[in-house]
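Coordinate inspection notes
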Amino acid sequence: MEAQNDKKKELRRKAMQLPLTPGVYLMHNSAGEIIYIGKAKALKNRVSQYFGSEKNHDAKVRKMVSNVDWFEYILTDSEFEAFVLESSLIKQHQPKYNILLKDDKGYCYIRVSGGEWPRISAVLQVEDDGAKYIGPYLSFWSIRETVDSARKIFRLPDCTRRFPQDFGKSRPCLNFYIDQCCAPCQGRLNQADYNEAFQQALDFIKGGSATSVKALTEKMNQAAENLDFELAARLRDRINAINKLKDRQKVVASRVEEQDVFALAQGEACTAFEVFRFTGGKLTDRESFITEGCQPDPEARSEFLRQYYTIRDRIPPALTMDGPVEDQELVARWLTEKRGKAVKINVPQRGEQRQLVEMCRSNAAESLAQHSGLSGRDASALDELRRLLGLKKTPAYIESYDISNLQGGENVAGMIVFENGKPLKQAYRRFKIKTVEGQDDYGSMREVIGRRFQEYRAHQAQGDYTGFGRLPDLILLDGGKGHVAAVQPLLEEMGIEVPLFGMVKDDKHRTRAIAKTGGEIAITSTRRAFTLLSTIQDEVHRFAIGYHRQQRKKSTISSTLLSIEGVGPARAKALLKHFRTVAAVSAASLAELEDAPGMTKPAAKQVYNFFHQEE
């Protein structure tokens, strides 16, 4: 550890000797490998930050810095030159700690199998299997969606059963019962009707929905004229299914003819990026990426855009982002030069474009959830809470505290823990307030937080990083800015760097806002973060008040026994431990009381007489 600190001091000394000019810096490990490449407007200021205090560094940067053995730099004439050179060097060297995207965008095809009962499917490769292949296409997502839609509209099977070999061997699957498959496996559908539906599905894929509707409408009218009402009804249902599909597609349509929409969601140790690509106002492609590590959102967006358009040829005239982009003007200029025409970067605040961004962000959260093993709702709520509170990292481990008393009596506190958006009940803790007399919620909260982090220090010294030995990502107090103002100085005195906020209730005891030092952050009931915060506030209140009621009950029971002559606190505690309840003590015989631990015959007589006065 000492050697590492010496190395860091030496690197900082060298960084302080760098010029205050634009350039690119390359970080090397002890093996000489380039592990990170960055650009700077002023090299000295930027590079020296890495080897100073770690307070403002996220986990990814701290890890990178710990592996730096030496660095080199290249001076440029302008910040934009540094920007372009950095992008080129990242593409060339693929450093470990830069955002790196794998270009897995190969061609894809629609496979049409042979035989009397043909099938359609979306595939990534052409094989020599006798099937017919349509393509190639660039977007596998788009082709897969089209094939799935064609199957559902024309009620074609997507199972692995073989026809006619598997006729009647088993019951039809769920798709038959939800009217998305004609169930040829039952042997009741003739081959001519199946092939007719199959050909119509193929025409739909090749010609699009408008062409299919026109052709099917002509056939439906002809069937009606020929009094073939069964066929006409079947064609009518297919036309309706296509029109319903078109209505669903309008949800992700855009008035902007050509654009790419970007959004991100950050987890505890990785970041998910989602891209919606629009052409002709329609969603034509969708891509998802997971990158290791987390960094501030503007930096992540900037680095992702450069990497994305390094592996993608088509650059649209408009990029729609879910938040600000670091060096936005430089990124736009770089993209404009690559495209040969103007490129604008927009961050919409309302309207249709904002809805598209929110939809894109929900999909990013879903990708993150699948990668992290969370539910999509929990991942989305935690990422939304991170943005709302301006946190550097997603609050995967949240502690919440509440004080409960009755007119200053039986002062207690409850601590609950939410991990990945779910209650972690084995980590819940209860506190009896020891140093505060009367109704002083601020003082009680300071005592509880102080005791909690004294335990943290003790666990850390023993090498125990579980329970109290784990530092939370976020602390939530059940109270307003007064509670935050009372506790924040204590955390600073103890050197504990954990974000601290309060949960403010309205007059109906519902979560209204988040309190911070100097003000409040309003939250709306339509947001997932609101639901998560409300759940946490309700749970910590339930836990604290439940403990308070339990203590009051014990106090009442103890006072009953203590009112008996000859029974002190120790004897009352022994009686309750032996008989469990006051009712059991009152029902005990004189002999049973005499045999109880800590009892004498005179004391047993006093207790027996107290509960049997009428006798």
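Keep in mind it's a predicted model, so treat the numbers as computed, not measured.

This next bit is on unusual backbone geometry. Positive phi, close to 55 degrees, is recorded for Asp327, a residue that is not glycine. Structurally, Asp327 can be placed in the loop between strand 10 (318-320) and helix 11 (328-339). Positive phi is not limited to glycine here, since Asn420 has a value of about 55 degrees.

With that settled, the discussion passes to the pattern of salt bridges. Applying the stated rule across the entire model yields 33 salt bridges. Note that Arg361 is salt-bridged to Glu358, the shortest N-O span being 3.6 Å. Of this pair, Arg361 and Glu358 both sit in helix 12 (residues 351-372), three residues apart, which is roughly one turn of that helix. Arg361 gets classed as buried once you look at its relative accessible area, which sits at 12%. Overall, the relative accessible area of 32% leaves Glu358 in the partly exposed class. By sharing partners, the salt bridges in this structure join Asp297, Arg301, Asp322, Arg354, Glu358, Arg361, Asp383, Arg386 and Arg387 into a single network.

Moving on, we come to the packing of helix 12 against helix 13 (residues 376-389). Running from N to C, helix 12 and helix 13 point in directions that differ by 115 degrees, and their axes come no closer than 8 Å. Helix-helix and strand crossings are classified by hand; for helix 12 and helix 13 the assignment is right-handed. Residues Arg361, Ala365, Glu366 and Ala369 of helix 12 form the contact with helix 13, whose own contacting residues are Gly376, Ala379, Ser380 and Arg387. Here the contact of helix 12 with helix 13 is composed, by residue class, of three nonpolar, two polar and three charged.

Strands sit in the order 9-8-7-10-11 across an open sheet of five strands; the sheet is mixed. Unpaired on one side and paired on the other, strand 9 (282-292) and strand 11 (344-346) mark the two borders of the sheet. Adjacent strand axes in the sheet meet at a mean angle of 20 degrees, parallel and antiparallel pairs treated alike. As paired strands, strand 7 (residues 259-266) and strand 8 (residues 270-279) are joined by eight bridges and run antiparallel to one another. If you follow Gln259 over to strand 8, its bridge partner there is Phe278.

Our next topic: the sheet that holds strand 1 (residues 23-28). One open sheet accounts for three strands, arranged 2-1-3; its pairing is antiparallel. Of all the strands in the sheet, the pair left with one neighbour each is strand 2 (34-40) and strand 3 (70-75). Averaged over all pairs of adjacent strands, the angle between their axes in this sheet comes to 20 degrees, without regard to strand direction. As paired strands, strand 1 and strand 3 are joined by six bridges and run antiparallel to one another. Of the residues in strand 3, the one forming a bridge with His28 is Trp70. Sitting on the sheet, helix 4 (residues 79-93) is in contact with strand 1, strand 2 and strand 3, with an inclination near 165 degrees to strand 2.

All right, on to the nonpolar core then. Nonpolar side chains tend toward joint burial in soluble globular proteins. If you look at the biggest cluster of nonpolar residues, it comprises 31 residues, and the most contacted ones within it are Ile120, Phe154, Leu156 and Ile205. Those elements that place two or more of their residues in this core are strand 4 (108-112), helix 5 (140-153), helix 7 (191-207), helix 8 (209-225) and helix 9 (229-250). The greatest single-element share of this core, amounting to seven residues, is contributed by helix 7. Among all residues touching Ile205, those that are not within four sequence positions of it are Ile110, Ile120, Thr146, Val147 and Ala150. By size, the runner-up hydrophobic cluster in this structure holds 30 residues, among which are Ile475, Val487, Met494 and Val498.

Moving on, we come to the environment of Leu471. Looking at the element boundaries, Leu471 is found in the loop between helix 14 (441-461) and strand 16 (474-477). Of the residues examined, Leu471 reaches a relative accessible area of 32% and is grouped as partly exposed.

Under the definition given, this model contains 23 aromatic pairs. Judged by centre distance (6.3 Å) and plane angle (35 degrees), the ring pair of Tyr25 and Tyr36 falls under tilted. You can see Tyr25 sitting in strand 1 and its partner Tyr36 sitting in strand 2, a full eleven residues away along the chain. Its relative accessible area of 1% is what places Tyr25 among the buried residues. On the basis of relative accessibility, which here comes to 13%, the residue Tyr36 falls in the buried class. Between the aromatic rings of Phe289 and Tyr308, the centroid separation amounts to 6.0 Å while the plane-to-plane angle is 85 degrees, which identifies the pairing as edge-to-face. Here Phe289 is found in strand 9, whereas its partner Tyr308 is found in helix 10 (residues 297-311), with 19 residues between them in sequence.

A word on the pairing of strand 1. Along strand 1, six of the six residues are buried, which leaves the element largely enclosed by surrounding structure. Burial along strand 1 is two-sided: the face carrying Gly23, Tyr25 and Met27 and the face carrying Val24, Leu26 and His28 are both buried. Two strands pair when backbone bridges link them, and strand 1 and strand 2 are joined in this way by six bridges, in the antiparallel orientation. Its bridge partner being in strand 2, His28 is matched across the sheet by Ile34. The hairpin formed by strand 1 and strand 2 contains five residues between the paired strands, and Gly32 there has a positive phi angle of roughly 90 degrees.

Thresholds applied
- Here the residue index of a chain counts from 1 through its sequence in written order.
- Per-residue local features of the predicted model are confined to residues with pLDDT of at least 70, and side-chain atom pairs are confined, for both listing and counting, to 80 or more; whole-chain, interface and lining totals are unaffected and use all residues.
- Only hydrogens and water are set aside; all other atoms, that is, all heavy atoms of the structure, feed into the side-chain values.
- Strands are runs of DSSP state E lasting at least two residues, helices are runs of H or I lasting at least four, and both sets are numbered from the N terminus onward.
- One side-chain nitrogen of Lys or Arg within 4 Å of one carboxyl oxygen of Asp or Glu is enough to make a salt bridge.
- The buried label goes to any residue with under 20% of its type's maximum accessible area, the exposed label to any with over 50%, and the partly exposed label to all in between, with areas taken from a 1.4 Å probe on protein chains only.
- Inter-axis angles, ranging from 0 to 180 degrees, are taken between N-to-C directions of lines fitted to C-alpha atoms, where helices are fitted over the stretch in contact.
- Crossing chirality is assigned from the near helix's rotation relative to the far helix, an anticlockwise turn below a right angle marking it left-handed and a clockwise turn marking it right-handed.
- Contacts between residues were defined by any pair of non-hydrogen atoms, one from each residue, lying within 4.5 Å.
- Side-chain classes follow a simple rule in which Ala, Val, Leu, Ile, Met, Phe, Trp, Tyr, Cys and Pro form the nonpolar group, Asp, Glu, Lys and Arg form the charged group, and the remainder, Gly included, forms the polar group.
- Whether two strands pair comes down to DSSP finding at least two bridges between them.
- By nonpolar core we mean a set of buried residues, namely Ala, Val, Leu, Ile, Met, Phe, Trp, Tyr and Cys, connected to one another through side-chain atoms within 4.5 Å.
- Note on ring pairs: Phe, Tyr and Trp rings are taken, using the six-membered ring of Trp, and paired if centres are within 6.5 Å. Classes follow the plane angle, with under 30 degrees stacked, over 60 edge-to-face and the rest tilted.

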